[in-house]
Amino acid sequence: SRIPLLEGPVEIKDLFASAAESRRIICEGTAGARSIGELGSHGWSDVLVVVGPEGGFDEDEIKSAQSRGFEVALLGERRLRTETAGIVASAAILIS
């Protein structure tokens, strides 16, 4: 067990440019996205989870993330505040 490392806000382009080799997830409520549990998180050792601004990511940001190996995941039926989305994502990874 490890305590998750939480980073402060960064520009999305800077994050994509510096994303380490790990399992990469961008949380967004887009059609067709699966839940973190459905991504099959069992056995992951390093996971980079990106939660966005209050209004969500725009289509270009999602496409850019996917082109860099990010998987799009849902955190549930409701839109969460930025402050709670990271906590919910971490919990979903731990229980899946």
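Participant: Even after reading the chapter, I still don't get the overall build of the chain, so can you show me in this structure?
Facilitator: In terms of helices and strands, the chain carries 3 helices and 4 strands. The secondary structure elements of the chain, listed N-terminal to C-terminal, are α-β-β-β-α-β-α. Over its C-alpha trace the chain gives a radius of gyration of 12 Å, about what one expects of a compact globule, namely 12 Å for 96 residues. With the C-alpha coordinates aligned to their principal axes, the bounding extent of the chain is approximately 35 × 30 × 25 Å. The proportion of buried residues among the 96 residues of the chain is 27%. Split by element, the accessible area of the chain, about 6,700 Å² in all, is 53% carbon and sulfur. Here the chain contributes 10 positive and 15 negative side-chain charges, whose respective centroids are spaced 3 Å apart.

Participant: Please clarify how the side chain of arginine 24 should be interpreted in this entry.
Facilitator: Position of arginine 24 relative to the elements: it lies in strand E1 (residues 23-27). Given the relative accessible area of 9%, arginine 24 is considered buried. Of the polar contacts made by the side chain of arginine 24, one reaches the backbone oxygen of arginine 68; its length is 2.6 Å. In this structure arginine 24 touches Ala19, Leu48, Arg68, Gly69, Phe70 and Glu71, once residues within four positions along its chain are discounted.

Definitions and cut-offs
- Residues numbered from 1 in each chain as written.
- Predicted model: local features only at pLDDT ≥ 70, side-chain atom pairs only at ≥ 80, totals over all residues.
- Heavy atoms only, no water.
- Helix = DSSP H or I, 4+ residues; strand = E, 2+ residues; numbered from the N terminus.
- Rg over C-alpha atoms; globule rule 2.2 N^0.38 Å.
- Buried < 20%, exposed > 50% of the residue type's maximum accessible area, 1.4 Å probe, protein only.
- Areas by Shrake-Rupley, 256 points an atom, 1.4 Å probe, with all protein chains shown as cover.
- Lys, Arg positive; Asp, Glu negative; His and termini not counted.
- Charge placed at Lys NZ, Arg CZ, Asp CG, Glu CD.
- Polar contact = N/O pair within 3.5 Å; in protein donor to acceptor, adjacent residues only side chain to side chain.
- Contact = heavy atoms within 4.5 Å.

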